[in-house]
Amino acid sequence: MEVLDVNWIVGNLQNALDTWNGKLSEIYMLVTQSPADFKGGAIWNIILNINGALQAIGLALLVLFFVVGVARTCTNFSELKRPEQALKLFLRFAIAKGIVTYGLELMLAVFKIIQGIVTTIMAKSSFQASAMTLPQSIIDAINKCGFFESIPLWAVTLLGGLFVTVLSFILILTVYGRFFKLYTAIAPIPLSSFAGEGTQNIGKSFLKSYIAVCLEGAIIVLACVIFSAFVTTSPSVDTGAATVTMVWKYVGELIFNMLVLVGTIRMSDRIVREMMGL
């Protein structure tokens, strides 16, 4: 009974760390993967079908925005007879038509450029999803505990394991939320607003938001690089303290490091918008 209880304490902490390691590895996969390759490309094929269907609506809105823009910029029909004004309107319509038709290709090109930045950061920092394990000194200290001495350890490890597991799922849900923003099925609708001078801010805001989402990947990688440095210099273990105090201090410092990473990743969108003005 005594050995079983001690093994449960060690196993609970290690299982929580294994969950965290698994989510970090999944994040590594998400930040380096293209939406077109995610889940074998099944989701991307659906996005392509939706995008193709919405292009017809986007082209209809393109004409509407263009007509509204012409009506707002030209006070009378005679202004359209001027070659420079007619050429300006023609170029606006042609560019807007190209953006709607090839908008998905344009956004994929932006994604690949920023993905190159992410890859460079990972290569130069030698980033790897380092696996976290329970220090052997803590395992030895727990194994030496008697049954009654291990009772407070149950509470410490139960709370610590719960916190680590919850933070793991918050972390991966945040990254998944950013990843699914990269699917731009409705792109033809906001991009069609470029046809009108008074409505082009809608398209600009859409493109800025998409670029910001792509750049969030760079912030996520930087946060993971910093955290990996914390992992290599794992939380200190006070071997001279009581076992409960030793485990509590280790778990507390570990959770603090994890909170820093989770907080940075959750605020990555805000960081990008404040630093880049997007």
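Everything that follows concerns the structure shown earlier in this document.
Just so it is clear, the model here is predicted, and its values are computed rather than measured. (Residues numbered from 1 in each chain as written. Predicted model: local features only at pLDDT ≥ 70, side-chain atom pairs only at ≥ 80, totals over all residues. Heavy atoms only, no water.)

Side note on the overall build of the chain
Within the chain one finds 10 helices and 0 strands. For the chain, the sequential pattern of α-helices and β-strands runs α-α-α-α-α-α-α-α-α-α. In the chain, which comprises 278 residues, the proportion classed as buried is 43%. Put simply, of all contacts in the chain between residues at least 6 apart along the chain, 86% involve residues at least 24 apart. For the chain, the accessible surface area stands at approximately 14400 Å², while carbon and sulfur atoms represent 67% of it. (Helix = DSSP H or I, 4+ residues; strand = E, 2+ residues; numbered from the N terminus. Buried < 20%, exposed > 50% of the residue type's maximum accessible area, 1.4 Å probe, protein only. Contact = heavy atoms within 4.5 Å. Areas by Shrake-Rupley, 256 points an atom, 1.4 Å probe, with all protein chains shown as cover.)

Structural notes on the packing of aromatic side chains
For any two aromatic rings, the description comes down to two numbers: the centre-to-centre distance and the angle of the planes. Across all of its chains, the model carries 6 aromatic pairs by this definition. Here W44 and Y183 contribute two aromatic rings whose centre-to-centre distance is 6.2 Å and whose plane-to-plane angle is 40 degrees, an arrangement assigned as tilted. With a gap of 139 residues between them, W44 in helix α2 (residues 42–73) and Y183 in the loop between α6 (151–180) and α7 (188–191) connect regions that are remote in the sequence. Assessed through its relative accessible area of 9%, W44 is described here as buried. When the centroid spacing of 5.0 Å and the interplanar angle of 70 degrees are considered together, the rings of F66 and F93 count as edge-to-face. Of the two residues, F66 is situated in helix α2 and F93 in helix α3 (residues 83–101); the sequence distance between them amounts to 27 residues. With a relative accessible area of 27%, F93 lands in the partly exposed category. Of the aromatic side chains, those joined through ring pairs into one cluster are W44, Y176, F179, F180 and Y183. (Phe/Tyr/Trp six-rings, centres within 6.5 Å; stacked < 30°, edge-to-face > 60°.)

Coordinates in, geometry out; function isn't part of it.
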